[in-house]
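Residues per chain are reported as follows:
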Amino acid sequence: MSAKGSKNTAKRKARLSKRVVDDLAAEGERYTVWDADLRGFCCEVGPTGTKSYRLVYRHDGRVRKLTIGRHGSVTLDEARNIARQATGDVAARKDPASEKSKARVAERSAVRVDNAFADWMRMHVKAKRKPITAKGYQNTYDNHAKPMIGRRVLGDITRADIAKLHRKSEASPYQANRAVAMLRSFFTWCERQGLRPEGSNPARLLEFYREQKRDRLLTAEELARLGAALSDLDGKEWPWALAAIRLLLFTGARRGEILGMRWAEIDLANGVARLPDSKTGAKTLYLSAPARDVLAAVPRKVDNPYVICGRVHGGPLIGLPHIWERIRDHAGLPGLRMHDLRHAFASTGAMGGMSLLTIGRLLGHSQPAVTDRYAHFASSPLVTAADTIGAAIAAQMAAKVPERDGNG
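The structure presented is a predicted model; accordingly, all values stated were derived computationally and were not measured.

**What about the environment of Ala-36?**
Working step 1: By secondary structure assignment, the location of Ala-36 is in the loop between strand S2 (31-35) and strand S3 (41-45).
Working step 2: The exposure class assigned to Ala-36 is partly exposed, which follows from its relative accessible area of 44%.
Working step 3: Taking the C-alpha atoms as reference, Ala-36 lies 9.5 Å from Arg-12; in sequence the two are 24 residues apart.
Working step 4: The contacts of Ala-36, once residues within four sequence positions are left out, are Lys-13, Ala-14 and Arg-15.

In structure tokens form, the structure reads like this:
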């Protein structure tokens, strides 16, 4: 060990005065100078020369450290007076460091929920989550939490408050549960930031409502009606919107994946689209033969990189939900969601005897670690599987629609 290292690790003691403190200089590593007059009082010098006053003491057999303040923001005399008062508290079996920590948490907890939520969105959610997740959190907060607790003091929110919020939305169990799950994450972040005491999360331990599964399986007759509706609307609706619906059916992709897909990502020769981002990260989308036929027929704009073009120059389609409502109404399928087309793709594969592993890979689901052994699969078997499912759906969509009676 160097002489300098020995000097830095050795104990130093001096009667602290303004001149002594001013003369303390950086030495490349942290060191402490203890006051000869007041036991436990010291000045700690950081590697860059910053100087802080502290009091080290014992409470309940444990060594505790109270940070009084940085030299410059507090004078030596002020720091020594605070240390003397704290020493008296220690003699009275109090813990000054703990009391200061509680006071700091109480001060921070005095902020309003609205302000803390805005910080959480800016510092955590938007920095670490996808934009669609951030948008969902904001909407959930605005619609469910903000009216009840937004203007309240953060530290005053209790489990009873969150339970009341949960019960108010019990008519919509899914939304009520999502609101509590979001608030659970928010209050956990607040604890980590020191805005609330540890273990005080008021959204913990609440029991979620039972949710009914929302999966909607299309019958062969319904697929035929949807296929007929798409054919009827050719030339009447935005052509890229009709192509998007057909691609959703023939690929099992998510809506955002189809709407965000660019021509540069498509490799028709190998029957795949290599998407740089999706809900689960980078994804290979396997294009069935019917999907490739749709891509071959969809109008292509040289000045627009997106497969599904919108009305704004150079941008993707953003109004698909409204067009979808007209398509499903024309097909006589009210309540059918676009996401149900993804279920139709999966259920068609399952009924055709395909393994869940194959279907999961086609859909881009995250698989448990045990499925890593299948990572060496080539794309060709999956394209073949996509072809099989796409052909089955196309056949059902092309089937003749049975006539409905006057009440249908």
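**Notes on the side chain of Glu-191**
Working step 1: For Glu-191, the location among the structural elements is in helix H8 (residues 173-192).
Working step 2: The charged side chain of Glu-191 is buried without a salt bridge, its nearest counter-charge being Arg-196 at 5.5 Å.
Working step 3: For Glu-191, the residues in contact, after removing those within four places along its chain, are Arg-196, Pro-197, Glu-198, Gly-199, Ser-200 and Asn-201.

**Comments concerning helix H9 (residues 220-233)**
Working step 1: In this model H9 runs 20 Å from its N-terminal to its C-terminal C-alpha over 14 residues, within 8% of the 20 Å that 1.5 Å per residue would give.
Working step 2: What H9 keeps buried is the set Glu-222, Leu-223, Ala-224, Arg-225, Leu-226, Gly-227, Ala-229, Leu-230 and Leu-233.
Working step 3: Gly-235 occupies a position one or two residues after H9 and carries a positive phi of about 90°.

**Focus on the sheet that holds strand S8 (residues 283-286)**
Working step 1: Across the sheet, three strands lie side by side as S6-S7-S8; this open sheet has antiparallel pairing. Of all the strands in the sheet, just strand S6 (266-267) and S8 have a single pairing partner and so form its edges.

**Looking at the sheet that holds S2**
Working step 1: Ordered in space as S1-S2-S3-S4-S5, the five strands form an open sheet in which the pairing is mixed. Looking at the sheet topology across the chains shown, the edges are occupied by strand S1 (12-14) and strand S5 (62-70). Shown here is a sheet whose adjacent strand axes are inclined to one another by a mean of 30°, direction ignored.
Working step 2: Sheet topology note: the S3/strand S4 (residues 51-59) ladder contains five bridges and is antiparallel. Its bridge partner being in S4, Glu-44 is matched across the sheet by Ser-52.
Working step 3: Helix H3 (residues 76-91) contacts S2, S3, S4 and S5 of the sheet and is inclined by roughly 10° relative to S4.

**Topic: the packing of aromatic side chains**
Working step 1: This structure, assessed with the given rule, holds eight aromatic pairs.
Working step 2: Measuring from ring centre to ring centre gives 5.9 Å for Phe-41 and Tyr-53, while their planes differ by 20°; the resulting arrangement is stacked. Of this pair, Phe-41 sits in strand S3 while Tyr-53 sits in strand S4, and the two are 12 residues apart along the sequence. One exposure class covers both Phe-41 and Tyr-53, and it is buried.
Working step 3: Plain terms: the ring middles of Phe-117 and Tyr-141 are 3.8 Å apart, the flat faces sit at 10° to each other, and that makes the pair stacked. Separated by 24 residues along the polypeptide, Phe-117 in helix H5 (residues 113-128) and Tyr-141 in helix H6 (residues 131-149) bring together distant segments of the chain.
Working step 4: Judged by relative accessible area, Tyr-141 falls into the buried class, the value being 2%.
Working step 5: A network of ring pairs unites the aromatic residues Phe-117, Trp-120, Tyr-137, Tyr-141, Phe-186 and Phe-187 as a single cluster.
Working step 6: The ring of Tyr-31 has Arg-12 lying over it, and the distance from NZ or CZ to the ring centre is 3.9 Å.
Working step 7: Across from the ring centre of Trp-238, 4.0 Å away, lies the NZ or CZ of Arg-311, which sits over that ring.

**A closer look at the pairing of S5**
Working step 1: Here S4 pairs with S5 via eight bridges, running antiparallel. Bridged to Leu-55 within S5 is Leu-66.
Working step 2: Here S4 folds back onto S5 in antiparallel fashion, the turn holding two residues, of which Asp-60 has a positive phi close to 55°.

**Some remarks on unusual backbone geometry**
Working step 1: Here Asp-60, not a glycine, exhibits a phi torsion of approximately 55°, which is positive.
Working step 2: For Asp-60, the location among the structural elements is in the loop between S4 and S5.
Working step 3: Even without a glycine there, the phi angle at Arg-93 is positive, about 65°.
Working step 4: You can see Arg-93 is positioned in the loop between H3 and helix H4 (96-109).
Working step 5: Judged by relative accessible area, Arg-93 falls into the exposed class, the value being 65%.

**A short note on the nonpolar core**
Working step 1: Judged by nonpolar contacts, the single largest core of 58 residues is most densely connected at Leu-226, Ile-245, Ile-258, Met-261, Ile-308 and Ile-327.
Working step 2: Broken down by element, the residue count for this core peaks at 10 residues, all from helix H10 (residues 239-251).
Working step 3: If sequence neighbours within four positions are ignored, Ile-308 has contacts with Trp-240, Ala-243, Ala-244, Leu-247, Ile-258, Leu-259, Gly-315, Pro-316 and Leu-317.
Working step 4: The next biggest cluster of nonpolar side chains, apart from the first, holds 26 residues, and it includes Met-121, Phe-187, Trp-189 and Cys-190.

**A closer look at the environment of Phe-250**
Working step 1: Note that Phe-250 resides in helix H10.
Working step 2: Residues Phe-250 and Pro-290, spaced 40 residues apart in sequence, show a C-alpha to C-alpha distance of 6.4 Å.
Working step 3: Other than its neighbours up to four places away in sequence, Phe-250 contacts Ser-288, Pro-290, Ala-291, Val-294, Phe-345, Gly-390, Ile-393, Ala-394 and Met-397.

**Notes on the packing of H5 against H6**
Working step 1: Across the interface, H5 lies against H6 with an axial gap of 12 Å and an inter-helix angle of 170°. In terms of orientation, H5 and H6 fall into the roughly antiparallel class. The residues of H6 that touch H5, namely those facing Val-113, Asp-114, Phe-117, Trp-120, Met-121, Val-125 and Lys-126, are Ala-134, Tyr-137, Gln-138, Tyr-141, Lys-146 and Ile-149.
Working step 2: The residue inventory of the contact of H5 with H6, partitioned by class, reads nine nonpolar, one polar and three charged.

What counts, and at which threshold
- Residues numbered from 1 in each chain as written.
- Predicted model: local features only at pLDDT ≥ 70, side-chain atom pairs only at ≥ 80, totals over all residues.
- Heavy atoms only, no water.
- Helix = DSSP H or I, 4+ residues; strand = E, 2+ residues; numbered from the N terminus.
- Buried < 20%, exposed > 50% of the residue type's maximum accessible area, 1.4 Å probe, protein only.
- Contact = heavy atoms within 4.5 Å.
- Lys, Arg positive; Asp, Glu negative; His and termini not counted.
- Salt bridge = Lys/Arg side-chain N within 4 Å of Asp/Glu carboxyl O.
- Expected span 1.5 Å × (residues − 1).
- Pairing = 2+ DSSP bridges.
- Axes fitted to C-alpha atoms, helices over the stretch in contact; angles between N-to-C directions.
- Phe/Tyr/Trp six-rings, centres within 6.5 Å; stacked < 30°, edge-to-face > 60°.
- Lys NZ or Arg CZ within 6 Å of the ring centre and 35° of its normal.
- Core = buried A, V, L, I, M, F, W, Y, C linked by side-chain atoms within 4.5 Å.
- Parallel < 35°, antiparallel > 145°, perpendicular 65-115°, else oblique.
- Nonpolar A, V, L, I, M, F, W, Y, C, P; charged D, E, K, R; others polar.

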